[in-house]
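In case you want the letters, here they are:
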4 protein chains.
Amino acid sequence: MTHKIAIIGASGYTGAELIRLIATHPTFELAALVAHTKAGRAMSDVFPHLTHLDLPELVRLEKVEFKDIDLCFCALPHNTSQKVIATLPKSLRIVDLSADFRLRDAQAYEKWYQTPHTALETQKDAVYGLTEFYRDQIATARLVAGTGCNAATGQYMLRPLVQNQVIDTDEIILDMKCAVSGAGRLLKENLLHAELSEGYNAYAVGGTHRHLGEFDQEFSALAGKPVKIQFTPHLMPVNRGILATGYVKGEPQMVHETLMSAYQNEPFIFVLPFGRTPSTHHVRGSNFCHIGVTGDRIDGRAIVICAIDNLTKGSSGQALQNANIMLGQDEAAGLMMAPLFP
Amino acid sequence: MTHKIAIIGASGYTGAELIRLIATHPTFELAALVAHTKAGRAMSDVFPHLTHLDLPELVRLEKVEFKDIDLCFCALPHNTSQKVIATLPKSLRIVDLSADFRLRDAQAYEKWYQTPHTALETQKDAVYGLTEFYRDQIATARLVAGTGCNAATGQYMLRPLVQNQVIDTDEIILDMKCAVSGAGRLLKENLLHAELSEGYNAYAVGGTHRHLGEFDQEFSALAGKPVKIQFTPHLMPVNRGILATGYVKGEPQMVHETLMSAYQNEPFIFVLPFGRTPSTHHVRGSNFCHIGVTGDRIDGRAIVICAIDNLTKGSSGQALQNANIMLGQDEAAGLMMAPLFP
Amino acid sequence: MTHKIAIIGASGYTGAELIRLIATHPTFELAALVAHTKAGRAMSDVFPHLTHLDLPELVRLEKVEFKDIDLCFCALPHNTSQKVIATLPKSLRIVDLSADFRLRDAQAYEKWYQTPHTALETQKDAVYGLTEFYRDQIATARLVAGTGCNAATGQYMLRPLVQNQVIDTDEIILDMKCAVSGAGRLLKENLLHAELSEGYNAYAVGGTHRHLGEFDQEFSALAGKPVKIQFTPHLMPVNRGILATGYVKGEPQMVHETLMSAYQNEPFIFVLPFGRTPSTHHVRGSNFCHIGVTGDRIDGRAIVICAIDNLTKGSSGQALQNANIMLGQDEAAGLMMAPLFP
Amino acid sequence: MTHKIAIIGASGYTGAELIRLIATHPTFELAALVAHTKAGRAMSDVFPHLTHLDLPELVRLEKVEFKDIDLCFCALPHNTSQKVIATLPKSLRIVDLSADFRLRDAQAYEKWYQTPHTALETQKDAVYGLTEFYRDQIATARLVAGTGCNAATGQYMLRPLVQNQVIDTDEIILDMKCAVSGAGRLLKENLLHAELSEGYNAYAVGGTHRHLGEFDQEFSALAGKPVKIQFTPHLMPVNRGILATGYVKGEPQMVHETLMSAYQNEPFIFVLPFGRTPSTHHVRGSNFCHIGVTGDRIDGRAIVICAIDNLTKGSSGQALQNANIMLGQDEAAGLMMAPLFP
């Protein structure tokens, strides 16, 4: 049995990552690859690391026969994504990797993304795509909204703690270290090698990063009251990987046990033994998530650290995991490759 | 059907790379992982990127029941490897990743490795492991000697040219750029991040690199006369990848056609369209080899460039490819993962 | 006028950095360079980037005529340093870059360094070397104990805030990102390029890093009560630079003004306009310190970020600045070179 | 005594590097900094690593009073540079860092740069700026044309060999490894960190790189006959540094002696002992050039390797060296800082 798959936005990093993963998938077949300015070019030209694959040429959206497609990944920038998805057949099952359908509240969308939402009807169909916590809804959803890579990282380490009330939700600090591929294939001065390598800095300091919209929505819902965390991202001179260092108030062993218990049956999430610290080196290129817990020297405080690959578990791997659920496949199909180290 | 596999030297980079690859192999099962100083430790402790795998603990060599093993990879340093292999059962099929059995001439071995060969009987059983050129012998060999990573790169780009006499064999220059993982997990000052990153330099200049032993052996055999190339390796601040730039005298289009023709049916070797240049970015973490040919502005001279991942096609991937052949499996089993980019 | 300078421990990174800086100093002359295992070698051999300088050969300690020396830098590992300094003439003025004389309390030393202090008499002579806060005592000191690089970073951003009581001293979190040269030229597996580049992780999590001894000593003295901060360092795949992200409770504008006021006359410390964030890119290779303050979206919380070069302002530059004061020179002599960017 | 200096094109990397160097110059004062799209901004905003300097604001060209300027550096892209310089006062002394006045033959310019030269009159005034070989002419020149960074590297290692006829000029191969800052602060996809780091590739293969125009002009003039070399540049994931590996036919000891003799009195050029190989690590951020010579195992062939920092000796450092000569200053003023290592 084969599932025909389309990718809209195949010329960006998340699109290429989807192709890398699907290349080894037992039942998914890439039927259409859509791009805009790069339409008409071969994928091996746009991404020469895919030279060995027999892939369809990049085409413009209007060339795709969506009636033959079983599932469509949409890997476009936010704002563009909602406009494109609004034009797709209502029967088409979609995994969207953009930010456009993550926030259930249109006002929150407008606040964080500084532009009105123009596809509110479609928003109603959307299910939040953090797989481990929305599996049942994802299985039957028409549209799954993949989480932000930073938002996924923070939620993996904190959701069970917020839900089980083992930490003080007024005192959560997330210090995040983010790889550059999270910014996409954009031509911006601060993403140049000469500007970025050999150093690091914070950005969006003070609670201005857009992924806070997701944190606020999800943690508040879990806690049953408004939860606002502090979150500072830092841009690292590395291509893949997010490391989130969380400072929380709660009993460290309880924090560890709560996470162990929450994830004991999850295939991709590993809680390390108490006192061990994860590294982005050890999840790079994979769909795995490593979480570590350590007690601080100050009683009642714990440090929780979480590492994922932003392009895989933080984006395209998560999207494929969701697609597997939507199409009734093994959730881990195409996703069990080991991290690349060194 | 399952093949039971042992890896001796599982705590080094090539050992870890074998495990990464075999983890997705349809019929290979890791039955024994052997280490020396790290015996008794869990692989997830020595290489945390393998945490998700259910692997046997590292054990000392004497603990392994080799009668249950279908094939053994030996990923030890040269000189150690020959001593260990000499103690293994004669019936055991072995893929050796060290330099110890690559040179058929014991004097050549002593010249390049500055130590006498002590397992000359075993040497007689060895087949040189450059898969694409020794397939038939590998299929029935008891012992396959994996090539050096630099030696593999240079041979992929040059063997068809030497064999078909389309270039002047007295005037071959290979300028090679090599990633640091080729040096292994050794504690040497020049391999420290602070020493190595942000710059580059040549090493083993002037025809002193050991892989010249392999070049001399193989090219002379192909040409039917002594062939000595010039070869200068450079250490790059990168973890994976070899890029070899070859300066040859021959008609460029003929050079390109000869390579195209030689590799047209090979699953892992891609000759790019004339005038395109390969990049290590595009083979990273994979078993693929990209080769490009360009004509120089001076008539009758061509530049041939070849890119592989030193740990995969240059070492562990090649070893697995050979093991597949030895055990009658699909040669590409476990080896079709796409490169990791970015 | 010339001052004759000796460096003990000239074969490590901080020793080499001292030489780089002193090379352009108007009055300092390098009279003796001391090493242990590398004694007898030329500096241009041990550190080829110093080839252009006419430097004395590395010698063993016993070869140095200290009576001709005006000031001695001691750039040895902790524990070794106290033993060596105990053997030097009591009249010799010394700037020590190790941890051995930073902690005034011998029990604190033993707690954090896991070894008893064996030069308690010498400790009494030592002045803590954070230049901007100990200038007067440094001017007349026989022995100045350079601060830890992390300890310097954290103190520059926090001392005025603790001293002026504008933040809650029970709720200080320092999340620090540290370059690898801070670990020195040691042969350790985790410092290898292949292990370290392309990823990052925390270490010494939970309040176990030794520089906490300095934070506790200094902040408690300033506050007049015990102050314990939370501090988590992270190892970055970069050679130079410390970025400390501080989460504090206090009024952000007041935090900014306090820092502006404290450093308005300092030649090396720059407080950026409110809301700007510093980067290690912009202090690399220099003795400058950049500090930024931003208000969080949660009222009454501020994020303070500080960037220095660990080898310069965090170690050898600070040491030279102190030596200038000790010898009555312009404090900035040899230290005004601009950062290297890109 | 003070010399008033203007920099046109101060917002690019070579402009910023000029400012870094001039900041420590004893007699040069930055009187005007010119930019186009960034006019009106503070340098500390465009290049925060220059925050500590008291610099004039960026202004548009028409704002500069050139009659007060003693010397002007022009750090613009080629083609733009000739147009701007044509508008400057004829009495103004200029060091141009672009390619526009390097080639004495207008047809050669048009061939390599694919655009006609439009300032042929100005070209007549230009002196080629490879300091060590054009000192006398530079001293009195109105306009000095700084060399290309690759062209400088190749000439330092080869000029004495071509001039003294110790190598075969028909058989010169230069394999060059180039840092990314050589491409400038341009927004191009292949210069992004995510595209460039962790790998490498050749570019402009086959004799198409523009700096060949300079090689052809200079080597042919030296040899008294047409000389065409082979030259392949490679883009490295590093910010600064060029390493050129030269394969030549000639007696290695003679090659070494010729270079030793040529540069024995040069302050910036160091020929290493025979058999040693230079590294870009050891010239980074400095105006020094290291050259090494090794004999190949094949008699009569030598490998010559040269390392410089492309932004310093390859561009802005060279420009300052020339300006020193033009204004009768110590040639090394502002240029004796040691390389930054690690």
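Only a predicted model underlies this, so the values are computations on that prediction, with no experimental measurement involved.

### Observations concerning the packing of helix α6 (residues 131–140) of chain B against helix α11 (residues 312–326) of chain B
Residues and elements named next belong to chain B.
For step 1, the next point in the chain: Between α6 and α11, the shortest axis-to-axis distance is 9 Å and the interhelical angle comes to 35°. Seen from above, α6 lies across α11 with right-handed handedness. Together, Thr131, Glu132, Arg135, Ile138 and Ala139 of α6 and Lys313, Gln318, Gln321, Asn322, Ile325 and Met326 of α11 make up the contact between the two elements.
For step 2, the next point in the chain: Here the residues of the contact of α6 with α11 are counted per class, giving four nonpolar, four polar and three charged.

### Thoughts on the domain arrangement of chain A
How big an interface is tends to be stated in terms of the accessible area lost upon association of its parts.
Residues and elements named next belong to chain A.
For step 1, the next point in the chain: Domains assigned within chain A are domain 1 (3–147 + 313–326) and domain 2 (150–309).
For step 2, the next point in the chain: For domain 1 versus domain 2, the distance between C-alpha centres works out to 24 Å.
For step 3, the next point in the chain: Domain 1 puts 26 residues into the contact, and the matching count from domain 2 is 32 residues.
For step 4, the next point in the chain: Surface buried jointly by domain 1 and domain 2 totals about 2,400 Å² across both partners, of which 50% is contributed by carbon and sulfur atoms.
For step 5, the next point in the chain: Between arginine 135 and glutamate 266 there is a salt bridge, with the nearest N and O atoms lying 2.6 Å from each other.

### Remarks on the relation of the copies chain B and chain D
For the pair of chain copies, the relating transformation is a rotation about an axis with a translation along it.
For step 1, the next point in the chain: For the pair chain B and chain D, the best superposition has an RMSD of 0.0 Å and corresponds to a rotation of 180° with a translation of 0.0 Å parallel to the axis. Taken together, the rotation and translation relating the two chain copies correspond to the operation of a two-fold axis.
For step 2, the next point in the chain: The overlap is high: 100% of the interface residues of chain B also sit at the interface in chain D, so the same surface is used on both sides.

### Observations concerning the environment of arginine 135 of chain D
Residues and elements named next belong to chain D.
For step 1, the next point in the chain: Relative to the helices and strands, arginine 135 is located in helix α6 (residues 131–140).
For step 2, the next point in the chain: Judged by its relative accessible area of 24%, arginine 135 is partly exposed.
For step 3, the next point in the chain: With 47 residues separating them along the chain, arginine 135 and glycine 182 place their C-alpha atoms 25 Å apart.
For step 4, the next point in the chain: Leave out the neighbours within four places in its chain, and arginine 135 touches Glu266, Pro267, Ile325 and Glu331.

### Digging into the packing of aromatic side chains
For step 1, the next point in the chain: Following the criterion strictly, the structure yields 36 aromatic pairs over all chains and no others.
For step 2, the next point in the chain: Residues tyrosine 128 of chain B and tyrosine 134 of chain B carry aromatic rings whose centres are separated by 5.6 Å and whose planes lie at 75° to one another, so their mutual orientation is edge-to-face. As far as burial versus exposure is concerned, tyrosine 128 of chain B and tyrosine 134 of chain B are alike and both buried.
For step 3, the next point in the chain: The lysine or arginine in question, arginine 159 of chain A, covers the ring of phenylalanine 133 of chain A, its NZ or CZ lying 4.6 Å from the ring centre.

### Notes on the relation of the copies chain A and chain B
For step 1, the next point in the chain: When chain A is fitted to chain B, the residual RMSD is 0.0 Å, and the transformation amounts to a turn of 180° plus an axial shift of 0.0 Å.
For step 2, the next point in the chain: Of the residues that chain A buries at the interface, 100% are likewise interface residues in chain B, meaning the two copies contact each other through the same surface.

### A closer look at the pairing of strand β14 (residues 301–308) of chain A
Residue and element names in this part refer to chain A.
For step 1, the next point in the chain: Among the eight residues in β14, eight count as buried, and that is most of the element.
For step 2, the next point in the chain: Residues Arg301, Ile303, Ile305 and Ala307 of β14 are buried on one face, and the alternating residues Ala302, Val304, Cys306 and Ile308, pointing to the opposite face, are buried as well.
For step 3, the next point in the chain: Pairing analysis gives eight bridges linking strand β11 (residues 242–249) to β14, with the strands arranged antiparallel. When the bridges of β14 are listed, lysine 249 appears paired with arginine 301.
For step 4, the next point in the chain: Here strand β13 (residues 289–295) pairs with β14 via six bridges, running antiparallel. Along β14, the bridge assignment pairs glycine 292 with isoleucine 305.
For step 5, the next point in the chain: From the end of β13 to the start of β14, which pair antiparallel, there are five residues, and glycine 300 there has a positive phi angle of about 80°.

### Notes on the interface of chain B and chain D
For step 1, the next point in the chain: Counting residues at the interface gives 54 residues for chain B and 54 residues for chain D.
For step 2, the next point in the chain: Regarding the contact of chain B and chain D, the summed buried area is about 4,400 Å², with carbon and sulfur atoms giving 52% of it.
For step 3, the next point in the chain: Together, Tyr200, Gln230 and Arg297 of chain B form the three largest contributors to the area buried by chain B at its contact with chain D, with a combined 21%.
For step 4, the next point in the chain: For the pair chain B and chain D, the interface holds nine salt bridges.
For step 5, the next point in the chain: The partner of aspartate 175 of chain D in a salt bridge is lysine 177 of chain B, with the nearest N and O atoms 2.9 Å apart.
For step 6, the next point in the chain: Looking at the side of chain B that touches chain D, the elements that each hand over two or more residues are β8 (173–178), α8 (193–196), β9 (201–202), α9 (212–223), β10 (230–235), β11 (242–249), β13 (289–295) and β14 (301–308) of chain B.

### Things to note about the sheet that holds strand β8 (residues 173–178) of chain C
For step 1, the next point in the chain: As summarised here, the arrangement of the seven strands in space is β9-β10-β8-β11-β14-β13-β12 (chain C), forming an open sheet in which the pairing is mixed. Of all strands in the sheet, those with a lone pairing partner are β9 (201–202) and β12 (269–271) of chain C, marking the two edges.

### Considering the packing of helix α1 (residues 13–22) of chain C against helix α11 (residues 312–326) of chain C
Residues and elements named next belong to chain C.
For step 1, the next point in the chain: Taken N-terminus to C-terminus, the directions of α1 and α11 make an angle of 55°; their axes are 9 Å apart at the nearest point. Considered as vectors, α1 and α11 are oriented oblique to each other. Note on packing geometry: the crossing formed by α1 with α11 is right-handed. For the pair α1 and α11, contact is made by Thr14, Glu17, Leu18, Arg20, Leu21 and Ile22 and by Thr312, Ser315, Ser316, Gly317, Ala319 and Leu320, respectively.

The rules behind these values
- Residues numbered from 1 in each chain as written.
- Chains lettered and ligands numbered in written order.
- Predicted model: local features only at pLDDT ≥ 70, side-chain atom pairs only at ≥ 80, totals over all residues.
- Heavy atoms only, no water.
- Axes fitted to C-alpha atoms, helices over the stretch in contact; angles between N-to-C directions.
- Helix = DSSP H or I, 4+ residues; strand = E, 2+ residues; numbered from the N terminus.
- Left-handed = near helix turned anticlockwise from the far one by under 90°.
- Contact = heavy atoms within 4.5 Å.
- Nonpolar A, V, L, I, M, F, W, Y, C, P; charged D, E, K, R; others polar.
- Domains from an automatic or database assignment.
- Buried area = accessible area lost by both parts, 1.4 Å probe.
- Salt bridge = Lys/Arg side-chain N within 4 Å of Asp/Glu carboxyl O.
- Least-squares fit on C-alpha atoms with pLDDT ≥ 70 in both.
- Buried < 20%, exposed > 50% of the residue type's maximum accessible area, 1.4 Å probe, protein only.
- Phe/Tyr/Trp six-rings, centres within 6.5 Å; stacked < 30°, edge-to-face > 60°.
- Lys NZ or Arg CZ within 6 Å of the ring centre and 35° of its normal.
- Pairing = 2+ DSSP bridges.
- Parallel < 35°, antiparallel > 145°, perpendicular 65-115°, else oblique.

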